[in-house]
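# Results of the structural survey
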Amino acid sequence: MTSFMSEDTQKWIDEKCSARVGMVNVWECQACEHKLVVIHRHTGVTPVVLIHNASYGGAEDCSGQMVSWGYLNLTQLAYEPTHEFYRPDLSEYAKLESEPMKAHLRDGGLILRPLQQ
Ligand SMILES: [Zn+2]
């Protein structure tokens, strides 16, 4: 096994999502207006809405909805990314304990984490 995704999923992701690699996008909280700035490392799907939590910075204890700017608003270029969406490699995937997260990855989803240097 060289990938946790099916060939069909990989093909679909490559066709639909490769243009986003390297792009920066913003998820803005509807409750506290905090902006989560994320760079897109790999081909894959990202959510339209995230639930604000402490690891994203901004207001503590906020659990507002953070809505994607949709990769279209060029204003996002004014922001420095603090997080990244990435696809883990096979060994990291194998160590994941969350079955819903693994299913998300098999469907072409990406994982959000603080920016790695
Ligand atoms: Zn918030």
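The preceding data block contains the structure.
Notes on the structure follow.

Rules and cut-offs
Residues numbered from 1 in each chain as written. Predicted model: local features only at pLDDT ≥ 70, side-chain atom pairs only at ≥ 80, totals over all residues. Heavy atoms only, no water. Patch = residues over 30% accessible without salt bridge, like charges linked within 9 Å, V, L, I, M, F, W, Y side chains within 5 Å. Areas by Shrake-Rupley, 256 points an atom, 1.4 Å probe, with all protein chains shown as cover. Salt bridge = Lys/Arg side-chain N within 4 Å of Asp/Glu carboxyl O. Buried < 20%, exposed > 50% of the residue type's maximum accessible area, 1.4 Å probe, protein only. Donors = N, O, S within 2.8 Å, 3.2 Å for Na, K, Ca; no water. Tetrahedral: all angles 85-135°; square planar, octahedral: opposite > 155°, others 65-115°. Helix = DSSP H or I, 4+ residues; strand = E, 2+ residues; numbered from the N terminus.

Before going further, it helps to spend a moment on a nonpolar patch on the surface. Side chains of Val-48, Val-49 and Ile-51 sit close together on the surface and give an oily, nonpolar patch of about 260 Å² of accessible area. Residue Val-48 is classed as exposed on the basis of its relative accessible area of 57%.

Next up on the list: the coordination of the zinc ion. Note on the zinc ion: its protein donors are Cys-29 (SG), Cys-32 (SG), His-52 (ND1) and Cys-62 (SG). The metal-donor distances range over 2.0 to 2.4 Å. Around the zinc ion, the four donor atoms sit at angles spanning 104 to 115 degrees, and that spread fits a shape best called tetrahedral. On the primary sequence, the residues serving as donors to the zinc ion are separated as C-x2-C-x19-H-x9-C. With Cys-32 in the loop between strand 1 (24-29) and strand 2 (35-40) and Cys-62 in the loop between strand 3 (49-51) and strand 4 (65-68), this residue pair connects regions lying 30 residues apart in the sequence.

All right, on to the pattern of salt bridges then. In the structure shown here, the tally under the stated rule is four salt bridges. Across the pair Glu-28 and Lys-35 runs a salt bridge, and its minimum N-O distance is 3.8 Å. For Lys-35, a relative accessible area of 27% puts it in the partly exposed group. Here Glu-99 ties to Arg-106 by a salt bridge, and the two come within 3.1 Å at their closest N and O atoms.

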